[in-house]
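Spelled out, the chains give:
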Amino acid sequence: MCIFCKIIDRKLEAAWVYETTSIAVFADACPSAPGHVLVIPKRHVEKVTDLTELEAQELYRVVFLVQKAMVDVWQIPGQNLQINSGAIAGQEVMHAHIHVIPRKKARSGEAPIFVPLETRVLAVKGLKDYFDHLLEKSN
Ligand code: 5GP
Ligand code: ZN
């Protein structure tokens, strides 16, 4: 079983942010910026191109909701979406996922922030608590 499937099955800890019946959102363990999350299908497929068209639509719908939450609720003006599809494209975890990376400051000069273990294992009730927590730490 892959590491993301273990997270979905609650066999591995993660800072959960949001979920639907088919999609999971949790914090990236090594974020490029505070609030960096991964949006993934619960069904194991290696690459986004292995999803059905309907599954891809649902995945993007949730990416969009996460982005909207960042903009409307937490006033994070910009985000980067990143999809590494296939090892040749730098995909390291072979369970399809989309990175949503909040951008509060200019990318240059922004140091990667490592989220300590206690943050990762924190019981996160929802997007708001999670982002409030991370942004508080980064200010
Ligand atoms: P990729 O290069 O495959 O697109 O990115 C995989 C991402 O998964 C990386 O950003 C990495 O930090 C994250 N990651 C790897 N292992 C774990 C883990 O066990 N838990 C969580 N939450 N993220 C992980
Ligand atoms: Zn998997």
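Just so we're clear, the structure is a prediction, and the values are computed from it rather than from any experiment.

Enquirer: Describe the packing of aromatic side chains, with residues and values.
Expert: In this description, a pair of aromatic rings is defined by centroid distance and the angle of the planes. All chains considered together, the criterion is met by two aromatic pairs. A ring pair is formed by phenylalanine 4 and phenylalanine 26, whose centres lie 5.4 Å apart and whose planes are at 75°; its orientation type is edge-to-face. Pair noted here: phenylalanine 4 is in helix 1 (residues 3–8) and phenylalanine 26 is in strand 2 (residues 23–27), with a separation of 22 residues, a long-range link. Grouping residues by exposure puts phenylalanine 4 and phenylalanine 26 together as buried. These aromatic residues form a ring-pair network of at least three members: Phe4, Trp16 and Phe26. The ring of tryptophan 16 carries the charged tip of arginine 10 above its face, separated from the ring centre by 3.7 Å.

Enquirer: Describe the pairing of strand 3 (residues 37–41), naming the residues involved and giving the relevant values.
Expert: Of all the five residues making up strand 3, five are buried; the element is thus mostly covered by neighbouring parts of the structure. Burial along strand 3 is two-sided: Val37, Val39 and Pro41 facing one way and Leu38 and Ile40 facing the other are all buried. Bridging between strand 2 and strand 3 involves five bridges; their strand directions are antiparallel. Paired with alanine 24 across the strands is isoleucine 40, a residue of strand 3. Examined bridge by bridge, strand 3 and strand 5 (residues 98–103) share three bridges and lie antiparallel to one another. Along strand 5, the bridge assignment pairs leucine 38 with histidine 99.

About the cut-offs
Residues numbered from 1 in each chain as written. Chains lettered and ligands numbered in written order. Predicted model: local features only at pLDDT ≥ 70, side-chain atom pairs only at ≥ 80, totals over all residues. Heavy atoms only, no water. Phe/Tyr/Trp six-rings, centres within 6.5 Å; stacked < 30°, edge-to-face > 60°. Helix = DSSP H or I, 4+ residues; strand = E, 2+ residues; numbered from the N terminus. Buried < 20%, exposed > 50% of the residue type's maximum accessible area, 1.4 Å probe, protein only. Lys NZ or Arg CZ within 6 Å of the ring centre and 35° of its normal. Pairing = 2+ DSSP bridges.

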